[in-house]
Amino acid sequence: PSLEVLLLCVSGSIKGLIPGKTYIFRIQAETRVGYGPEAIWKEKMPILAPPRPSSQVVPTEVCRSSTTIQIRFRRNYFSDVNGGVIAYTVIVAEDDTKNASGLEMPSWRDVQAYSTWPPYQVMEPYNPFKNSSIEDLTVGEENCEGIPAGYCNGPLKPGTTYRVKIRAFTTPDKFTDTYYSFPITTDNDNTALVVGLGIPVVMLIVLLLTVVLIRRRKHLARRTTENRASDNMSLPDSIIETSRPVHLEKFAEHYRLMSADSDFRFSEEFEELKHVGRDQPCTAADLPCNRPKNRFTNILPYDHSRFKLQPVDDEEGSDYINANYVPGYNSPREFIVTQGPLHSTRDDFWRMCWESNSRAIIMLTRCIEKGREKCDHYWPYDTLRVFYGDISVTILNECHYPDWSITEMVMCRGEQNRVIRHFHFTTWPDFGVPNPPQTLVRFVRAFREKVPGDQRPIVVHCSAGVGRSGTLIALDRILQQLHTSDVVDIYGIVWQMRKERVWMVQTEQQYICIHQCLLAVLEGNEGNGNTREIHHNQGFEDDEGIAESGM
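For the protein chain, the name recorded in an unreviewed UniProt entry is protein-tyrosine-phosphatase, with Graphocephala atropunctata as its organism. The protein chain has a UniProt comment under Subcellular location (unreviewed entry) that states "Membrane".

In structure tokens:
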């Protein structure tokens, strides 16, 4: 399109341009003598999130069962005026008062720990409208037991009321939700009724058998009582519940037994950790002023161990950050474990680093994984000073290795300067654990070479601040303990961490990985050679005016 303007006009509007397309504008001025030189301007039209549909445009119920709901939604729910919609997903909520506006939503597995499910995402975004304009989707139709980690369309609870909304994406990180649907209640499970009718018959049979077996039952009861008394004398209940030590010389055989039958014993042991610590309150995290500061609605810090920022002018919630103290080998408060900072909380993150007097940050996620934001890029991109609230951060130098990078930065607040090191492990896969696991062992050793076990807390985060972070801390404790003890207690270490922060070591695969790392170390398969440095970027010369730089 072209535009002619009058002599005195210096601006004009061109409407109807398509988001995401690149346009070239050629501009010339004309006088009585003729046209002047041509100016060329190239501009790509921005893609924005879709406009939000009206409150009447919501998914509708098609049918339902005791564990599923079939919903219907249409392509014309969202306009393409801000860019074409490339994918859709579905959000389901039993408690629709909880925050559901984040890009990274909990999965079906994540909400199983709650009696009332907060909003969760049913599946990975997809595009159902290639050959039709209507989509009927059944929520709750998958069996998630055999499906790897990630989103899973698991069964709903019988006799429970849910609301559903549709999320549309124009880019992987730009999206808009419809309003929630009208309440939809799954059918009641009639299994209990069938069982109830059969109970009288079963009771009659049991009564007859009881008369015949009563003497034998009494005899067995006496023997069982004697055995239990003997067991309790040899091993107290508290040890059974919280600690399972293994001698290092027997660890290889222990690992073989645990991993037999498709890791059956690992599964049993990890399942016993499921409810550790879950009865502890998270009151501060659930205050209305603090809810937007949580990356995930279901990963909240316990009140008793949360890190408290210095309050700002008595502002409500100004002492809150999603972080907990977690014990390490050297101190019960050796680590501060936190979520990957949001863009809106990165100032609080640097306040925490400063107020805790921390000199090391360990980052175990990339900022973007699988097209989704896992963590804000909360540190400077280059050597220019950047302010985060009243704290400035400047990169001094960076060293890049095949699986991690180490960046030395200086924090300044007022007249005070402190050096802090940033250890970034960059090859943890989107799902699963590092392969080979020895990579993680080498990273822990590289980090411990530069960070001694003093009393300054070490800040550790991944995305949620539970799974990868817990795995690293457990391995760090084990590697240090090897120098002083011939016994290792991985179960006990995870149990202790889960009393301080929810879901530390989040998956069974991570729990097994800790065992694999230790086995590799004990068998001498650590591969602990010199790590090849790829790139070194000296941002600044060593600043002798910076105390405690360690440079």
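**Considerations on the side chain of S392**
Mapped onto the elements of the fold, S392 is located in strand β18 (residues 391-400). Ignoring sequence-local partners within four residues, the contact set of S392 consists of R385, V386, F387, V410, M411 and C412.

**Observations concerning the pairing of strand β21 (residues 458-461)**
Neither face of β21 is exposed, since I458 and V460 on one face and V459 and H461 on the opposite face are all buried. Relative to β21, strand β13 (residues 335-338) is paired through 4 bridges, and the arrangement is parallel. Across the sheet, the residue bridging to F335 is I458, located in β21. When strand β14 (residues 360-363) meets β21, the two strands line up parallel, connected through 3 bridges. For I361, the partnering residue across the bridge sits in β21 and is V459.

**Describing the confidence of the model for the protein chain**
When the pLDDT values of the protein chain are averaged, the result is 86; 86% of them are 70 or greater. Scored below 50 in pLDDT, residues 219-240 makes 3 contacts in the model with residues more than four places away or belonging to other chains.

**What about the pairing of strand β4 (residues 69-74)?**
Bridge analysis of strand β3 (residues 60-64) against β4 gives 4 bridges, and the strand direction is antiparallel. Following the sheet pairing, T60 is matched in β4 by R72. Taken together, β3 and the strand that follows it, β4, pair antiparallel across an intervening segment of 4 residues.

**Notes on the state of the cysteines**
One pass over the full model with this rule turns up 1 disulfide. Paired by a disulfide, C144 and C152 hold their sulfur atoms 1.8 Å apart. Of note, the bridge from C144 to C152 carries an S-S torsion of about -95 degrees and is left-handed in sense. Here C144 matches C152 in class, with each residue buried.

**Focus on the nonpolar core**
Judged by nonpolar contacts, the single largest core of 55 residues is most densely connected at I362, L472, I473, M497 and Y511. The element contributing the most residues to this core is helix α8 (residues 508-522), with 8 residues. Ranked by size, the runner-up nonpolar core spans 26 residues in total, among them F73, Y120, C144 and I184.

**Here's the deal with the packing of helix α3 (residues 251-271) against α8**
Contact geometry of α3 with α8 gives a least axis separation of 11 Å together with a crossing angle of 175 degrees. On the basis of their axis angle, the class for α3 and α8 is roughly antiparallel. Across the interface between the two elements, F251, A252, Y255, D263, F266, S267, E269 and F270 from α3 touch E508, Y511, I512, H515, Q516, L518, L519 and L522 from α8. Its residues assigned to classes, the contact of α3 with α8 comprises 10 nonpolar, 3 polar and 3 charged.

**Side note on α3**
Its 21 residues place the ends of α3 only 21 Å apart at the C-alpha level, less than the 30 Å of an ideal helix rising 1.5 Å per residue. At S262, α3 shows its strongest bend, of approximately 120 degrees. Three or more residues of α3 are buried, namely F251, Y255, M258, F266, E269 and F270. Looking at the buried residues of α3, the elements they touch are β11 (246-247), β22 (487-488), α7 (490-498) and α8.

**What about the sheet that holds strand β7 (residues 134-139)?**
Pairing in this open sheet of 3 strands is antiparallel, and the strands run β3-β4-β7 from one edge to the other. In the strand order of this sheet, the two ends are held by β3 and β7, each with one partner. Going from strand to strand, the sheet's axes swing by 25 degrees on average, the running direction of each strand aside. Pairing of β4 with β7 involves 6 bridges; the strand directions are antiparallel.

**With respect to a nonpolar patch on the surface**
On the surface, a nonpolar cluster with roughly 330 Å² of combined accessible area is contributed by L204, L207 and L208. Tracing the backbone through its elements, the reader meets L204 in helix α1 (residues 191-234). Since its relative accessible area comes to 53%, L204 is described here as exposed.

**Regarding the side chain of H424**
With respect to the element layout, H424 can be found in strand β20 (residues 416-425). What makes H424 buried here is its relative accessible area of 10%. Polar side-chain contacts of H424 include one of 2.8 Å to the backbone oxygen of T365. Among residues more than four places away in sequence, those in contact with H424 are M363, T365, R366, W379, D403, W404, S405 and F443.

Cut-offs and rules
- Residues numbered from 1 in each chain as written.
- Predicted model: local features only at pLDDT ≥ 70, side-chain atom pairs only at ≥ 80, totals over all residues.
- Heavy atoms only, no water.
- UniProt positions renumbered as here; feature names shortened; annotations may be inferred.
- Helix = DSSP H or I, 4+ residues; strand = E, 2+ residues; numbered from the N terminus.
- Contact = heavy atoms within 4.5 Å.
- Buried < 20%, exposed > 50% of the residue type's maximum accessible area, 1.4 Å probe, protein only.
- Pairing = 2+ DSSP bridges.
- pLDDT = per-residue confidence, 0-100.
- Disulfide = S-S within 2.5 Å.
- Core = buried A, V, L, I, M, F, W, Y, C linked by side-chain atoms within 4.5 Å.
- Axes fitted to C-alpha atoms, helices over the stretch in contact; angles between N-to-C directions.
- Parallel < 35°, antiparallel > 145°, perpendicular 65-115°, else oblique.
- Nonpolar A, V, L, I, M, F, W, Y, C, P; charged D, E, K, R; others polar.
- Expected span 1.5 Å × (residues − 1).
- Bend = angle between axes of the 7 residues up to and from the residue.
- Patch = residues over 30% accessible without salt bridge, like charges linked within 9 Å, V, L, I, M, F, W, Y side chains within 5 Å.
- Areas by Shrake-Rupley, 256 points an atom, 1.4 Å probe, with all protein chains shown as cover.
- Salt bridge = Lys/Arg side-chain N within 4 Å of Asp/Glu carboxyl O.
- Polar contact = N/O pair within 3.5 Å; in protein donor to acceptor, adjacent residues only side chain to side chain.

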